[in-house]
Structure formats: structure tokens, C-alpha cells
Amino acid sequence: GAVVSQHPSWVICKSGTSVKIECRSLDFQATTMFWYRQFPKQSLMLMATSNEGSKATYEQGVEKDKFLINHASLTLSTLTVTSAHPEDSSFYICSARASGGLRTDTQYFGPGTRLTVL
Amino acid sequence: KQEVTQIPAALSVPEGENLVLNCSFTDSAIYNLQWFRQDPGKGLTSLLLIQSSQREQTSGRLNASLDKSSGRSTLYIAASQPGDSATYLCAVSRGNQAGTALIFGKGTTLSVSS
């Protein structure tokens, strides 16, 4: 089956530092990737939609200057949490929408990245 | 704005019981509905996907139904096992177009005792 990877799987950082999370589709191309975050005992909330070669679309209440998204290729999207603070501690999950072929339009989720900001 | 509600929030059953998890959504204009499983601290495992034109999907001991007009879906788990213990998430597509983001419910946390 289709595989989406995320790196790192977990990260602990000091307040004020920036953290980059990678989301890769390993065996398919994805023109669209989605970034979600999940706070403890809460559901997944969509943060932004990332389209290859164009600017990301952010959900209301998500600061685009704080959560930088880059989708430079059909298999890679990155989320950078700039100047992270403890309230940014969360579980970040990406999904990739397959484009073309039999899997087209199917979404595959990555395993998530646990971010802890001290 | 689409909202997804899951009832109950938590459920504890003895091994072997059949059980039903409920999901409701406010906007019936969806492309599909999915049920996921999430183990503590882990990512999502897709269980079943129902297209808006379908009424149900089955996989092993799992059966999911969809009544789009009433905004409801159920996940039926037959002969529950301790390994079924996890949080079950229901999600609908945002809008009735393919490939849109998903709107998730808060989940039902299931505990199956042996």
C-alpha cells in the first residue's frame, strides 16, 4: 500500500527555536498534502492545505508566519514551526492526496510527529 | 460549517460483545466518510471508507453504514477482542469534491477487557 513518512517522529526543543517537520509520499506523487495537529484528548484539526508549487492555504486561526509550509516537490512537504512555544506542543500529522493512476484522490496519512516544546 | 460528533466518547465492554459506534455530521454534502483507528500516541489506521453513493462497507469483523441524508454513520464491531482497544475516529470530506481535507470527530475510546 501507499506509504507516507514523517520525520522526525518526535522532537523536543527549547522555547524560541524553530522545528522543521518533513512529510514524504514514498511511492506516489502528491500534488496536495494536508497538515493536521492533535492536542491531547482532542481530535485532529486541519491546519493548512499544501499545494505543490504554490502557497499553502491556512485555516482560520492558524498563523501563516508561524507555521511555514513549503511544498517544493510532488513527494515532499515541510512544516516549520518558527519560534516554538510550549503551547505549540502537539501531535502533527500530514496526509498526502495521491494524484494520477488508480490511487488518484485517495489520501494517505503519515505516522505523525510528536513535538514537545520546553 | 461541517461538524462531526461521535457518541459515546468512551466505551468499555467485555471481550466477545458486539458493539456500535455512532457518528453524526451536520452537512450532508460530503464526498466520502472514513473510519480510522488510532492507538495511543500513534498515527491513524484507515479502517473503512464509504463513498457518498454507498450505504455500507465491510471488512472482516467491521461494518460501517452511511445514511447521508440524515447525516449519520455507524461502525459495527462484531465479537470484540482486547486488541480492538483503541480510539476510533470518524471523518468526513470537507465538501462534496474528491481529494478535500477531512473533518474529524473527537473519537470514541474503546476498551475491551479479557
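Note that the structure is a prediction, hence the values are computed from the model and not measured.

### Points about the overall build of chain B
And step 1. Across its full length, chain B carries zero helices and eleven strands.
And step 2. Start at the N end of chain B and walk to the C end: the helices and strands fall as β-β-β-β-β-β-β-β-β-β-β.
And step 3. For 114 residues, the compact-globule formula gives about 13 Å, and the C-alpha radius of gyration of chain B, at 13 Å, lands near that figure.
And step 4. In terms of overall dimensions, chain B has C-alpha extents of about 40 × 30 × 20 Å along its principal axes.

### Some thoughts on the interface of chain B and chain A
And step 1. Listed by partner, the interface residues are 16 residues for chain B and 17 residues for chain A.
And step 2. The contact between chain B and chain A buries some 1300 Å² in all, and 53% of this surface belongs to carbon and sulfur atoms.
And step 3. When the buried area of chain B at its contact with chain A is split by residue, Leu44(B), Gly99(B) and Phe104(B) rank highest and sum to 30% of it.
And step 4. The tally of links from chain B across to chain A stands at one salt bridge.
And step 5. For Arg94(B), the salt bridge is made with Glu59(A), and the minimal N-O distance between the two is 2.6 Å.
And step 6. In this assembly, chain B and chain A are joined by six residue pairs in polar contact (both at pLDDT 80 or more).
And step 7. Only strand 4 (32–38) and strand 10 (102–104) of chain B provide two or more residues apiece to the side of chain B that touches chain A.

### Digging into the nonpolar core
And step 1. Ranked by size, the top nonpolar core spans 26 residues in total, and within it Trp35(A) and Leu115(A) carry the most contacts.
And step 2. Element by element, the count of residues in this core is highest for strand 9 (residues 90–98) of chain A, at four residues.
And step 3. Counting residues in hydrophobic clusters, the runner-up holds 24 residues, among them Leu33(B), Trp35(B), Leu47(B) and Leu66(B).

### Some points on the state of the cysteines
Residues and elements named next belong to chain A.
And step 1. Applying the stated criterion across every chain, the model contains two disulfides over all chains.
And step 2. Put simply, cysteine 23 and cysteine 94 are joined by a disulfide, and their sulfur atoms are 2.0 Å apart. With the S-S dihedral at roughly 80°, the linkage between cysteine 23 and cysteine 94 falls on the right-handed side. Of this pair, cysteine 23 sits in strand 3 (residues 19–25) while cysteine 94 sits in strand 9, and the two are 71 residues apart along the sequence.
And step 3. Using a relative accessible area of 0% as the deciding quantity, one classes cysteine 23 as buried.

### Examining the sheet that holds strand 7 (residues 67–73) of chain A
Sheet strands line up and pair through hydrogen bonds in the backbone, either parallel or antiparallel.
Residue and element names in this part refer to chain A.
And step 1. Judged by pairing direction, the sheet is antiparallel, and its four strands sit side by side in the order 1-3-8-7 without closing on themselves. Single-partner strands in this sheet number two, and they are strand 1 (4–7) and strand 7. Averaged over all neighbouring strand pairs, the angle between strand axes comes to 15°, with direction disregarded.
And step 2. With five bridges connecting them, strand 7 and strand 8 (residues 76–81) associate as antiparallel partners. Note that in strand 8 the partner of phenylalanine 67 across the bridge is valine 81.

Thresholds, definitions, all that
- Within each chain, residues carry numbers counting from 1 in the order of the written sequence.
- Chains and ligands are labelled by the order in which they are written, letters from A for the one and numbers from 1 for the other.
- Reporting of local features is limited, given that this is a predicted model, to residues whose pLDDT is at least 70; pairs of side-chain atoms are given and counted only at 80 or more, and all residues count toward the totals for whole chains, interfaces and linings.
- Hydrogen atoms and water are omitted, and side-chain values are computed over all heavy atoms in the structure.
- Elements are defined by DSSP. Helices are runs of H or I of four residues or more, strands are runs of E of two residues or more, and each kind is numbered from the N terminus.
- Radius of gyration means the value over C-alpha atoms here, while the globule rule gives 2.2 Å times the residue count to the 0.38 power.
- Two residues form a contact once any of their heavy atoms are found within 4.5 Å.
- Note on definitions: buried area is the accessible-area loss of two parts on being combined, 1.4 Å probe, summed for both.
- Salt bridges are counted wherever a side-chain nitrogen of Lys or Arg sits within 4 Å of a carboxyl oxygen of Asp or Glu.
- Here a polar contact is recorded for every N or O atom pair within 3.5 Å, except that within protein the pair must consist of a potential hydrogen donor and a potential acceptor, and residues adjacent in sequence are included only if both atoms are side-chain atoms.
- To form a nonpolar core, buried Ala, Val, Leu, Ile, Met, Phe, Trp, Tyr and Cys residues must be joined to one another through side-chain atoms within 4.5 Å.
- A 1.4 Å probe rolled over the protein chains alone gives each residue an accessible area, and that area as a share of the maximum for its type sets the label: buried under 20%, exposed over 50%, partly exposed in between.
- By convention in this document, the label disulfide applies to cysteine sulfur atom pairs within 2.5 Å.
- Two strands make a pair as long as DSSP finds a minimum of two bridges between them.
- Axis definition: a line fitted to C-alpha atoms, over the contacting stretch in the case of helices. Angles run 0 to 180 degrees between N-to-C directions.

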